[in-house]
Structure formats: C-alpha cells, structure tokens
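Observations on the model geometry
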Amino acid sequence: MTRALLLVILFLLLNARAHVGSPDVFYDGMVGPYPARITIRVPSVVPGRAEISVHVQTSDPVEVSFLPLYSWTAVSNAPPPDVGRLLVGETNLYAGELWLMSFGAYSVEVRIKGNKGDGKAQIPVTSVAIRQLPLPAVLGKVLLLLGVILVTGG
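Attention here is on the structure that accompanies the text. Quick caveat, the model's predicted, so the values are computed rather than measured.

In this fold, Ser107 is placed in strand β8 (residues 104-114). A relative accessible area of 15% places Ser107 in the buried class. Polar contacts involving the side chain of Ser107 include one to the side chain of Gln122, which spans 3.5 Å. Setting aside residues no more than four positions away along its own chain, Ser107 makes contact with Leu67, Pro68, Leu69, Gln122, Ile123 and Pro124.

Written as structure tokens, this is what we have:
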C-alpha cells in the first residue's frame, strides 16, 4: 500500500510545473466585473520597459489602461496612465509598455472601462536588473578621454 502511494506521489511530482526562476508576472482573475488574463514581462535591465498584455474575456468593447505605481512615490505624483492598444487581428487582446525607472517594488494598476462599469487590479512587480548591458567601445573611449581632460585640468 505504501509503495503504491509513493509511486503515485512520485508520478504527480514529475508532472508538476511552475514558473520558477521566471521574473515575469501572471494574473488570471477579475478586474472589476471583467475576467482578464494579464501578463507582465519585466525588463532585464533598469531602467527598462515592461511589456504588458491583457486578454479581456468578454465580447463587450472595453478600454484598457496601465499605471505604474512606485512604492516610494505618492500616488498623487504618479504619471498619467498609458492606454492599452488593441492588437490587430485579435479579439480583446490589449498591449502596452511601461517604463520602470528605479529598482524596487512597483504595482502595476490595470484599469478596464466598459458597459458593465469600471474595474481595476493592482499587480505587484519587482524591478530588478538580472543582466548588464555592455558599454559600447566608442562611448568608453569618449568617457576615458573626458576623464583624462578632467584630471589634467584639475
């Protein structure tokens, strides 16, 4: 009996899947009265642009917008929301990009407006650099020359 139970548990563990190690954020739930699937692909460098896609699961026409809220900034100082654009050839699939300018905790507020009313959902996102872009050789030489001029002038 215990061997059979152990084999069943092992079989279930082999089928288990998760987004372990993925920095992307996924949300599947209600945004007000609208069921939606939201994917946020965070940038690998900071500052960088996060790519957002929202699939609203309704046949009604809606307006979608995105607002980045930084944890150390007051909500009253947040930028205006970016409007999501409807992707051509898709039904109720909206996309947009947001700049994440600083390291730390963000909250992306997704707003949906339509005939059924307005709804919003705040999705937590962590902005952290997971890679480093190389410095172009020309820029490195220019900075070195400017540094030499600065030291010599001092």
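Back to the write-up after that little detour.
This part takes up the layout of surface pockets. Space inside the largest pocket adds up to approximately 190 Å³. Every residue lining the largest pocket is counted, 14 residues in all, and those nearest its centre are Pro68, Leu69, Tyr70, Pro79 and Tyr106. Residues belonging to the lining of the largest pocket are distributed by class as follows: 10 nonpolar, four polar and no charged.

Residues Leu135, Val138, Leu139, Val142, Leu143, Leu145, Leu146 and Ile149 make up a contiguous nonpolar surface patch of roughly 760 Å² in combined accessible area. Examined against the element boundaries, Leu143 turns out to sit in helix α2 (residues 137-153). Overall, Leu143 belongs to the partly exposed group, its relative accessible area being 48%.

Here the focus is the environment of Arg37. Looking at the element boundaries, Arg37 is found in strand β2 (residues 34-41). Overall, the relative accessible area of 48% leaves Arg37 in the partly exposed class. Along the chain, Arg37 and Tyr27 lie 10 residues apart, while their C-alpha atoms are 5.8 Å from each other. Excluding residues within four positions of it along the chain, Arg37 makes contact with Tyr27, Asp28, Ser53, Val54, His55 and Gln57.

This part covers the sheet that holds strand β4 (residues 62-70). Strand order across the open sheet formed by four strands is β5-β4-β8-β9, with antiparallel pairing between neighbours. At either margin of the open sheet sits one strand with a lone partner, and together these are β5 (82-83) and β9 (117-127). Two elements, β4 and β5, share two bridges in a ladder whose sense is antiparallel. Paired with Ser65 across the strands is Val83, a residue of β5.

To continue, consider the environment of Pro79. Here Pro79 is to be found in the loop between β4 and β5. Given a relative accessible area of 41%, Pro79 falls into the partly exposed group. Distance in space between the C-alpha atoms of Pro79 and Leu69 is 8.5 Å, their sequence separation being 10 residues. Contact partners of Pro79, with chain neighbours within four places excluded, come to Leu67 and Pro68.

Note the cis peptide between Val46 and Pro47, where omega equals 0 degrees. With respect to the helices, strands and loops of the structure, Pro47 is situated in the loop between β2 and β3 (48-56).

Right, let's talk about the side chain of Ser53 for a bit. Residue placement: Ser53 occurs in strand β3. A relative accessible area of 18% means that Ser53 is categorised as buried. Once residues lying within four places of it in the same chain are set aside, the contact partners of Ser53 are Arg37, Ile38, Thr39, Arg41, Leu93, Tyr94 and Ala95.

Cut-offs and rules
Residues numbered from 1 in each chain as written. Predicted model: local features only at pLDDT ≥ 70, side-chain atom pairs only at ≥ 80, totals over all residues. Heavy atoms only, no water. Helix = DSSP H or I, 4+ residues; strand = E, 2+ residues; numbered from the N terminus. Buried < 20%, exposed > 50% of the residue type's maximum accessible area, 1.4 Å probe, protein only. Polar contact = N/O pair within 3.5 Å; in protein donor to acceptor, adjacent residues only side chain to side chain. Contact = heavy atoms within 4.5 Å. 1 Å grid on protein atoms, 1.4 Å probe; cavity = no way out; pocket = protein on both sides within 12 Å on 5 of 7 lines; lining within 4 Å. Points joined across faces, edges and corners; volume = space filled by probe spheres on them. Nonpolar A, V, L, I, M, F, W, Y, C, P; charged D, E, K, R; others polar. Patch = residues over 30% accessible without salt bridge, like charges linked within 9 Å, V, L, I, M, F, W, Y side chains within 5 Å. Areas by Shrake-Rupley, 256 points an atom, 1.4 Å probe, with all protein chains shown as cover. Salt bridge = Lys/Arg side-chain N within 4 Å of Asp/Glu carboxyl O. Pairing = 2+ DSSP bridges.

Worth remembering: the numbers are spatial, not functional.
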